[in-house]
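# Residue-level structural notes
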Amino acid sequence: MTTNPVTTHQEPHLERQLTNRHIQLIAIGGAIGTGLFMGSGKTISAAGPSVIFVYMIIGFMLFFVMRAMGELLLSNLNYKSFSDFAADLLGPWAGFFTGWTYWFCWVITGIADVIAIAGYSKELWPGLPLWIPGLATVAILLLLNLVTVKAFGETEFWFALIKIIAIAALIIVGLFMIFTGFQSDAGPATFTNLWSHGGMFPNEFMGFVAGFQIAVFAFVGIELVGTTAAEAKDPEKNLPRAINSIPIRVLLFYVGALIILMSVTPWTQFQAGHSPFIAMFSLAGLGAAATVVNLVVLSSAMSSANSGIYSTSRMVYGLAQEGDAPSVFRHLSARKVPQNALFLSCVLLLSGVILMYAGQDIGKAFEMVTTVSAVCFVFVWSIILASYLAFRRRRSHLHEASKYRMPGGVPMVWVVFAFFAFVLWALTTQEDTLLALLVTPVWFLILGAAWLVLRRRPAHLARYATFKSELAQDLDTEASAIGRDIDGALTDGVKK
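Going by what an unreviewed UniProt entry lists, the chain is known as D-serine/D-alanine/glycine transporter and is assigned to Pseudarthrobacter oxydans. In its Sequence similarities (unreviewed entry) section, the UniProt record describing the chain reads: "Belongs to the amino acid-polyamine-organocation (APC) superfamily. Amino acid transporter (AAT) (TC 2.A.3.1) family."

Written out as structure tokens, the structure is:
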């Protein structure tokens, strides 16, 4: 019998080195990305104070995507990530498209992060060539990820902690400014700034719609906790805890921070391509604090790129195990790390440097790649929901036995699908995002052509058959355990 390396006990996916604190901070770090620190400048300038509702709505909808993902992952602990349950419930094509698209999503996101890091570095060290911070970032993150998965967990733990402390400090300092009547060139710091400059919807409905374009990118990575499922200790407890805290994180880190930002300085002062976090302290005359925040935003982009390198390497490694990627990416280092997959991701991240030199505006380059990334992430989130529908239809008994059911069930899935359709429509309302939206289907055409070649290969069919067999064995074992518990209970009842 062929043994799949993915399921051996020596495989790092099954070593479960990520503890509860790692999982919690990875989940928080995934929800607080470069899109908040840098991209929120565009959302505020486009939507005004109504951007608060934009982030609340997106967070609300994605919470149900994460709950669906959580129920599916916990229905069979042999699932390594959402590409596994997509392949199992929707077919091998879904695993192929989801795995490679998620890999592509994070490569694009990583390129956006490299662009952002170069932009922040230019602010701190004027005259510094853009290729230096870009190359240094990729080299540092490669070294960090070549160690072990626990090293990644520790690195991401501290990166996320820096982001949390920074946002908490911003909220505290902002509240102090507001309650002490702090004055700046932009006027007094007061909550009335939220509605005294054209109201909550100053750019009317279409301005509100425009806010969704870049705000969606701020949430990419929120599903990252799903790629850590097979490496998490006690997933039945830690995954639900991380997912259930999403609404609180959104309210505090997004809504709370943005309310403070637009109260200290009117929304009209913020510009696309500039971090509103840095702008708040600069307008208040706190130059030293602005420099510190710049460093924090730099670490935030590093955190996002770190998550991207981790997730892309694991996804390519998993695809190679199933025969959906070249076999060279199946190799592990002595530390059980997929180093070849890591090298591939890092080489592709360097294209961010080329993109910056090809264009004159870092902000424009950032917006282009973030839109492509957001569209691809919407596809991945949609596959998660489609897998949930198939799960409810084909394995209703597992849903009934689940201790972590998705609230709202099937009707809520269709509500979220309608929201995704609205987001895609919103991307057509602006010229720059429309261009990125029209370019994105090229990726799916490439995947489709690759799938037509791959799907009939004997090696691919054999590996998929092994994959299905192992999942079935896991379910049979679980069913047998439940049956033994029932028989034991009946026997005890007869004895009594």
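A few words on the overall build of the chain. Each helix and strand in the chain was counted, giving 21 helices and 2 strands. With 496 residues in all, the chain has 58% of them scored as buried. Residue pairs in contact within the chain that sit at least 24 positions apart in sequence constitute 84% of those at least 6 positions apart. Taken as a whole, the chain presents about 19500 Å² of accessible surface, with 68% of it coming from carbon and sulfur.

This part covers the environment of alanine 401. You can see alanine 401 is positioned in helix 17 (residues 396–401). Placed 326 residues apart in sequence, alanine 401 and serine 75 show a C-alpha to C-alpha distance of 8.9 Å.

Time to look at helix 18 (residues 409–427). A turn of α-helix holds 3.6 residues, and therefore any two residues three or four places apart point the same way. With 19 residues, helix 18 should cover 27 Å at 1.5 Å per step; its first-to-last C-alpha distance of 28 Å lies within 8% of that length. When we look at burial in helix 18, the residues that qualify are Gly409, Met412, Val413, Val416, Phe419, Phe420, Val423, Ala426 and Leu427. For helix 18, the arc enclosing every buried residue in end-on projection is 130 degrees, short of the 170-degree limit, so these residues lie on one face. Helix 18 presents Pro411 and Trp414 as exposed residues on the side facing more than 90 degrees away from its buried surface.

Residues Phe53, Met56, Ile57, Phe201 and Leu251 make up a contiguous nonpolar surface patch of about 410 Å² in total accessible area. Among the elements that take part in the nonpolar patch, helix 3 (residues 51–75) stands out by supplying 3 residues, more than any other. Structurally, the position occupied by leucine 251 is in helix 11 (residues 246–264). Residue classification places leucine 251 among the partly exposed residues on the basis of a relative accessible area of 47%.

The next subject is the packing of helix 3 against helix 18. At a minimum axis separation of 10 Å, helix 3 and helix 18 run at an interaxial angle of 135 degrees. Taken together, the axes of helix 3 and helix 18 lie oblique to each other. Crossing geometry of helix 3 relative to helix 18 is assigned as left-handed. Contact residues: Ile57, Ile58, Phe60, Met61, Leu62, Phe64 and Val65 in helix 3; Met412, Val415, Val416, Phe419 and Phe420 in helix 18. Broken down by class, the residue content of the contact of helix 3 with helix 18 amounts to 12 nonpolar, no polar and no charged.

Across the interface, helix 6 (residues 131–145) lies against helix 14 (residues 339–349) with an axial gap of 10 Å and an inter-helix angle of 165 degrees. Comparing the axis directions of helix 6 and helix 14 gives the class roughly antiparallel. Where helix 6 crosses over helix 14, the two elements pack in a sense that is right-handed. Residues Val138, Leu142 and Asn145 of helix 6 form the contact with helix 14, whose participating residues are Leu342, Phe343, Cys346 and Leu349. Across the contact of helix 6 with helix 14, the residue classes break down as 6 nonpolar, 1 polar and no charged.

Let us look at the side chain of asparagine 193. As for its placement among the helices and strands, asparagine 193 is situated in the loop between strand 2 (187–188) and helix 8 (204–218). For asparagine 193, a relative accessible area of 5% gives the class buried. Ignoring anything within four residues of it in the chain, the contact list for asparagine 193 reads Pro188, Met262, Ser263, Val264 and Pro266.

Let's shift gears to the packing of aromatic side chains. The full count for this structure, using the stated rule, is 26 aromatic pairs. With centroids separated by 5.8 Å and ring planes inclined at 85 degrees, the aromatic side chains of tyrosine 102 and phenylalanine 377 adopt a geometry described as edge-to-face. Separated by 275 residues along the polypeptide, tyrosine 102 in helix 5 (residues 92–124) and phenylalanine 377 in helix 16 (residues 362–394) bring together distant segments of the chain. Across the pair, exposure class does not vary: tyrosine 102 and phenylalanine 377 are buried alike. Against the face of tyrosine 404 rests arginine 67, its NZ or CZ located 4.1 Å from the ring centre.

Applying the stated criterion across every chain, the model contains 2 salt bridges. Here arginine 395 ties to aspartate 88 by a salt bridge, and the two come within 2.7 Å at their closest N and O atoms. Within this pair, whereas arginine 395 is found in the loop between helix 16 and helix 17, its partner aspartate 88 is found in helix 4 (residues 82–90), the two being separated by 307 residues in sequence. This pair shows no difference in class: arginine 395 is buried, exactly as aspartate 88 is. Glutamate 400 is paired through a salt bridge with arginine 405; the nearest N and O atoms lie 3.6 Å apart.

What follows is about helix 8. A rise of 1.5 Å per residue sets the reference length of helix 8, with its 15 residues, at 21 Å; its end C-alpha atoms lie 22 Å apart and thus fit the reference within 8%. The largest bend in helix 8 comes to about 30 degrees, at phenylalanine 212. Counting buried residues along helix 8, 12 of its 15 residues qualify, which places the element largely inside the surrounding structure. Among all positions of helix 8, only Gly207, Phe208, Val209, Ala210, Gly211, Phe212, Gln213, Ile214, Ala215, Val216, Phe217 and Ala218 are buried.

This brings us to the side chain of glutamate 71. Among the structural elements, glutamate 71 can be located in helix 3. It is arginine 392 that comes nearest to the buried, bridge-free glutamate 71 among opposite-charge side chains, at 5.7 Å.

With respect to the helices and strands, the residue proline 338 is situated in the loop between helix 13 (287–321) and helix 14. Note on proline 338: relative accessible area 1%, which makes it buried. Residues proline 338 and serine 313 lie 25 residues apart in sequence; the distance between their C-alpha atoms is 6.6 Å. The contact partners of proline 338, leaving out residues within four places of it in the chain, are Ser313, Arg314, Tyr317, His331 and Leu332.

Reading the values: rules and limits
Residues numbered from 1 in each chain as written. Predicted model: local features only at pLDDT ≥ 70, side-chain atom pairs only at ≥ 80, totals over all residues. Heavy atoms only, no water. UniProt positions renumbered as here; feature names shortened; annotations may be inferred. Helix = DSSP H or I, 4+ residues; strand = E, 2+ residues; numbered from the N terminus. Buried < 20%, exposed > 50% of the residue type's maximum accessible area, 1.4 Å probe, protein only. Contact = heavy atoms within 4.5 Å. Areas by Shrake-Rupley, 256 points an atom, 1.4 Å probe, with all protein chains shown as cover. Expected span 1.5 Å × (residues − 1). Arc of directions from axis to C-beta. Patch = residues over 30% accessible without salt bridge, like charges linked within 9 Å, V, L, I, M, F, W, Y side chains within 5 Å. Salt bridge = Lys/Arg side-chain N within 4 Å of Asp/Glu carboxyl O. Axes fitted to C-alpha atoms, helices over the stretch in contact; angles between N-to-C directions. Parallel < 35°, antiparallel > 145°, perpendicular 65-115°, else oblique. Left-handed = near helix turned anticlockwise from the far one by under 90°. Nonpolar A, V, L, I, M, F, W, Y, C, P; charged D, E, K, R; others polar. Phe/Tyr/Trp six-rings, centres within 6.5 Å; stacked < 30°, edge-to-face > 60°. Lys NZ or Arg CZ within 6 Å of the ring centre and 35° of its normal. Bend = angle between axes of the 7 residues up to and from the residue. Lys, Arg positive; Asp, Glu negative; His and termini not counted.

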